[in-house]
Amino acid sequence: MTELRASSDGLRPLTALDDGSGPNLLVVHPGGGDATSWNGVTRHLTDDYRVVRIHRRIYAPGADLALPHSMAVEAADIVAVAGLLDAPVLLVGHSSGAVAALEAALLAPAAFAGLFLYEPPLPTRELIAGAAGAHAHAALDAGDPVEAMRIHMRDTVRMPAETVDAMFADQHVRAAFAAYAPAQIADDEAIDALGVGTDRFANLATPTSLIEGDQSPAHLRERLADLAATLPNARTVTLAGQGHIAHLTAPDTLANAIRDMAEQVLRV
């Protein structure tokens, strides 16, 4: 594995993990972690593909979090890294990383041969965080990042309260969540700042696979369906028995879905 370096503004560098060889997959990881959260999926792909995983600016180790955060910044970062790669490129995004990927595709549609988007939490009919986001931000301001993340998981992601409680009973999980809490809350606010609706994607003709888990929170699947109804060249793939974290629970299944899309759009 090597590391790529790029900059979208000529001032602040960003990095990406570069593994394998072959046609290019550019991965934008979800919130609450960094590029290494996709290690499991990457291992299933690097024999046949070059997998480049962006360390999203706000989640990178030692990140200097500039607020308010903007999805426009993330989009420019993605396009900057894509510029280091030879065409064609399949852009893969997960959760808030999939929202950033969509924004990058709007910014530079010619840069990507296809999109693979795993449950982007778009504010299609209502905000993703809304009042819950304000409560999480207040907890963060009060010096309680664990509670901020508990609110995020329970009221924004809408995981069952008992599941959240079980997760947070583990001190290591609490510590990991707390470390990324400022970035996660900023991420939620950046998504809500995009506004409600999907009309701006109506002319994005890039071939797109929209991925959902049949065990995912209902609102994520509804948001995906709204996006599918708007994009002119999209198909929806449902992962049986999976939720929002198949990169951890079934990395091989998720990798196979990526392969299927890559075989369609990365004809080199």
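Since the structure is predicted, the reported quantities are computational estimates derived from the model, not experimental observations.

Calculation notes
Residues numbered from 1 in each chain as written. Predicted model: local features only at pLDDT ≥ 70, side-chain atom pairs only at ≥ 80, totals over all residues. Heavy atoms only, no water. Helix = DSSP H or I, 4+ residues; strand = E, 2+ residues; numbered from the N terminus. Buried < 20%, exposed > 50% of the residue type's maximum accessible area, 1.4 Å probe, protein only. Contact = heavy atoms within 4.5 Å. 1 Å grid on protein atoms, 1.4 Å probe; cavity = no way out; pocket = protein on both sides within 12 Å on 5 of 7 lines; lining within 4 Å. Points joined across faces, edges and corners; volume = space filled by probe spheres on them. Nonpolar A, V, L, I, M, F, W, Y, C, P; charged D, E, K, R; others polar. Pairing = 2+ DSSP bridges. Axes fitted to C-alpha atoms, helices over the stretch in contact; angles between N-to-C directions. Phe/Tyr/Trp six-rings, centres within 6.5 Å; stacked < 30°, edge-to-face > 60°.

Asks: How should the environment of Gly243 be read in this particular structure?
Replies: Tracing the chain through its elements places Gly243 in the loop between strand S8 (234-239) and helix H9 (246-249). In this structure Gly243 comes out as buried when scored by relative accessible area, which is 17%. In this structure the C-alpha to C-alpha distance between Gly243 and Gly213, which are 30 residues apart in sequence, comes to 4.5 Å. Setting aside anything within four residues of it in sequence, one finds Gly243 in contact with Tyr118, Glu119, Gly213, Gln215 and Ser216.

Asks: How do you make sense of empty space enclosed by the protein when you look at a structure like this?
Replies: In this structure the tally under the stated criterion is one cavity of 30 Å³ or more. Approximately 40 Å³ is the volume attributed to the largest cavity. Looking at the largest cavity, the residues that line it are Val28, Ile54, Arg56, Arg57, Glu74, Asp77 and Ile78. In terms of residue count, helix H2 (residues 71-82) provides more of the lining of the largest cavity than any other element does, three residues in total. Its residues placed into classes, the lining of the largest cavity shows three nonpolar, no polar and four charged.

Asks: Would you mind showing me how to read the sheet that holds strand S1 (residues 2-7) here?
Replies: In a beta sheet, neighbouring strands pair by backbone hydrogen bonds and run either parallel or antiparallel. Strand order in the open sheet formed by eight strands is S1-S2-S4-S3-S5-S6-S7-S8, and the pairing between neighbours is mixed. Lying at the two open borders of the sheet, with one neighbouring strand each, are S1 and S8. Geometrically, the sheet is characterised by an average inter-axis angle of 20° between neighbouring strands, direction not taken into account. Judged from the six bridges that link them, S1 and strand S2 (residues 13-20) form a sheet pairing that is antiparallel. The residue bridging Glu3 from the neighbouring strand is Leu17, located in S2. Along the sheet face, H2 touches S1, S2, strand S3 (24-28), strand S4 (50-54) and strand S5 (89-94) and points at about 160° away from the line of S3. This element, helix H3 (residues 96-107), spans S3, S5 and strand S6 (114-118) of the sheet and lies at about 140° to S5.

Asks: Before we go on, may I ask you to explain the packing of aromatic side chains in this structure?
Replies: Two aromatic rings, taken as a pair, are described by how far apart their centres are and by the angle between their planes. Counted under the stated rule, the structure contains two aromatic pairs. Consider the rings of Tyr59 and Tyr180, whose centres lie 6.0 Å apart with planes at 55°: the pair is tilted. Placement of Tyr59 in the loop between S4 and H2 and of Tyr180 in helix H7 (residues 171-192) is noted, with a sequence separation of 121 residues between them. With relative accessibility at 1%, the residue Tyr59 sits in the buried group. Ring centres of Phe168 and Phe177 lie 5.1 Å apart, and the angle between their planes is 15°; this geometry places the pair in the stacked category. Judged by its relative accessible area of 13%, Phe177 falls in the buried class.

Asks: Any chance you could explain the layout of surface pockets here in plain terms?
Replies: The gaps of empty space that remain are located by a probe, the size of a water molecule, rolled over the atoms. Put simply, the largest pocket is a space of about 740 Å³. Residue lining of the largest pocket: 36 residues in total, with Gly31, Met153, Phe177, His244 and Ile245 positioned closest to the centre. Among the secondary structure elements, those contributing two or more residues to the lining of the largest pocket are helix H5 (145-156), helix H6 (161-168), H7 and H9. Counting residues per element, the lining of the largest pocket draws most heavily on H7, at seven residues. For the lining of the largest pocket, the class distribution of residues is 18 nonpolar, 16 polar and two charged.

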